[in-house]
Each structure stands twice: as C-alpha cells, then as structure tokens.
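# Topology and contacts: notes
Listed here are the chains, written in short residue letters.
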Amino acid sequence: MEGVLAALADPTRRQLLDLLAAQGEATATTLAEQLPVSRQAVVKHLAVLDAAGLVSGGRVGREVRYAVRPDALDATARWMSALAADWDRRLARIKRIAEAAEAAEAAEAAEGDTGPGR
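Attention here is on the structure that accompanies the text.

Thresholds, definitions, all that
Residues numbered from 1 in each chain as written. Predicted model: local features only at pLDDT ≥ 70, side-chain atom pairs only at ≥ 80, totals over all residues. Heavy atoms only, no water. Helix = DSSP H or I, 4+ residues; strand = E, 2+ residues; numbered from the N terminus. Rg over C-alpha atoms; globule rule 2.2 N^0.38 Å. Buried < 20%, exposed > 50% of the residue type's maximum accessible area, 1.4 Å probe, protein only. Contact = heavy atoms within 4.5 Å. Areas by Shrake-Rupley, 256 points an atom, 1.4 Å probe, with all protein chains shown as cover. Pairing = 2+ DSSP bridges. Core = buried A, V, L, I, M, F, W, Y, C linked by side-chain atoms within 4.5 Å. Axes fitted to C-alpha atoms, helices over the stretch in contact; angles between N-to-C directions. Phe/Tyr/Trp six-rings, centres within 6.5 Å; stacked < 30°, edge-to-face > 60°. Lys NZ or Arg CZ within 6 Å of the ring centre and 35° of its normal.

As a further point, take the overall build of the chain. Counting its secondary structure elements, the chain contains five helices and three strands. Counting from the amino terminus, helix and strand elements in the chain follow one another as α-α-β-α-α-β-β-α. In summary, the chain has a C-alpha radius of gyration of 26 Å against a globular reference of 13 Å for 118 residues, an excess of more than 25%. With respect to the principal axes defined by its C-alpha atoms, the chain has extents near 95 × 25 × 20 Å. Out of the 118 residues belonging to the chain, those deemed buried represent 23%. For the chain, the proportion of contacts with a sequence separation of at least 24, taken over those separated by at least 6, is 48%. As displayed, the chain has an accessible area near 8,200 Å², and 55% of this comes from carbon and sulfur atoms.

On to the pairing of strand S3 (residues 63-68). Here strand S1 (residues 25-27) runs beside S3; their pairing, made up of three bridges, is antiparallel. What sits directly across from Glu25, in S3, is Ala67. As paired strands, strand S2 (residues 55-60) and S3 are joined by six bridges and run antiparallel to one another. The partner of Val55 across the bridge, within S3, is Val68. Hairpin remark: S2 followed by S3, antiparallel, with two residues in the connecting loop; positive phi at Gly61, about 70°.

In terms of nonpolar packing, the biggest core is built from 20 residues, with Leu31, Val42, Leu46, Leu49 and Leu54 touching the most fellow members. At the level of elements, helix H1 (2-8), helix H2 (11-23), helix H3 (28-33) and helix H4 (39-51) are the ones that each hand at least two residues to this core. No other element matches H2, which puts four residues into this core.

Overall, antiparallel pairing links the three strands, which are arranged S1-S3-S2 in an open sheet. Both edges of this open sheet fall to S1 and S2, since each of them pairs with a single strand only. Each adjacent strand pair in this sheet contributes to an overall mean axis angle of 35°, direction not counted. Each of S1, S2 and S3 is contacted by H2, which is oriented at about 95° to S3, the strand it contacts most.

Tallied over the entire structure, the rule returns zero aromatic pairs. Note that Arg90 overlies the ring of Trp87, its terminal NZ or CZ placed 4.8 Å from the centroid.

Let us look at the environment of Tyr66. Mapped onto the secondary structure, Tyr66 falls in strand S3. Relative accessible area serves as the criterion here: at 13%, Tyr66 is assigned to the buried category. Put simply, Tyr66 and Asp88 are 22 residues apart on the chain and 37 Å apart in space, counted from C-alpha to C-alpha. Filtering out sequence-adjacent residues up to four positions away, Tyr66 remains in contact with Leu20, Gly24, Glu25, Ala26, Ala28, Leu46, Val55, Ser56 and Gly57.

Rendered as structure tokens:
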C-alpha cells in the first residue's frame, strides 16, 4: 500500500493513470505525446507505477503496451474508506462529549441564576 501511495503522490503518474484508464492501454510513446515530459520520463514513471502494482506492461510485437491494474488501487481505496469511517466515528464521539459538557455547563449556569437569593 505504501508503494501505491508513493506512486500516486506524483502528479505526472496520476495523469498517466488517468490517460491509461481513458484509453484502455497505450505505449510509452503514445503517452509521452500527451504529456509535457519525455518518453524516457514516461518510461520511468511507468516503472514506478508497475512496481506499485498499478499498471502492467505487455509486449505486443515490438511495442510494450501498458494498462491499468485496478486491484492495488481498489485495495488502497478500501483502506482509505475504512480509515475515513474510523475518523468519522471518533469525531462524532468527540462531538457528543463536547455537546454533553456544554449542556452540563448550561444547566449549572441556569441553576446558579435561579438559586437562593434571587
């Protein structure tokens, strides 16, 4: 998962994934034509994405065609969703505690205003 997050940290690699998702599969040369980086840079980025399990390259004749492998991205999305749900539960608990404390303070203040001597 760390490899996936590290790979996704780079905007060029995210663009490559977007292009591959839209096109189905493409060569490094085709991808480089659509980005402001060299073919060599695209190949290096694709190697990082491949190592993270996000793309795979397969030889078709003399070309290497790359395609998105969604499994690693899906696993990361599930992890992030579970993490977000956990934080939502924690924040909801903090909110309930804060609201209860606020209500208790308001009740104490109201008692003080209506106590003896008033």
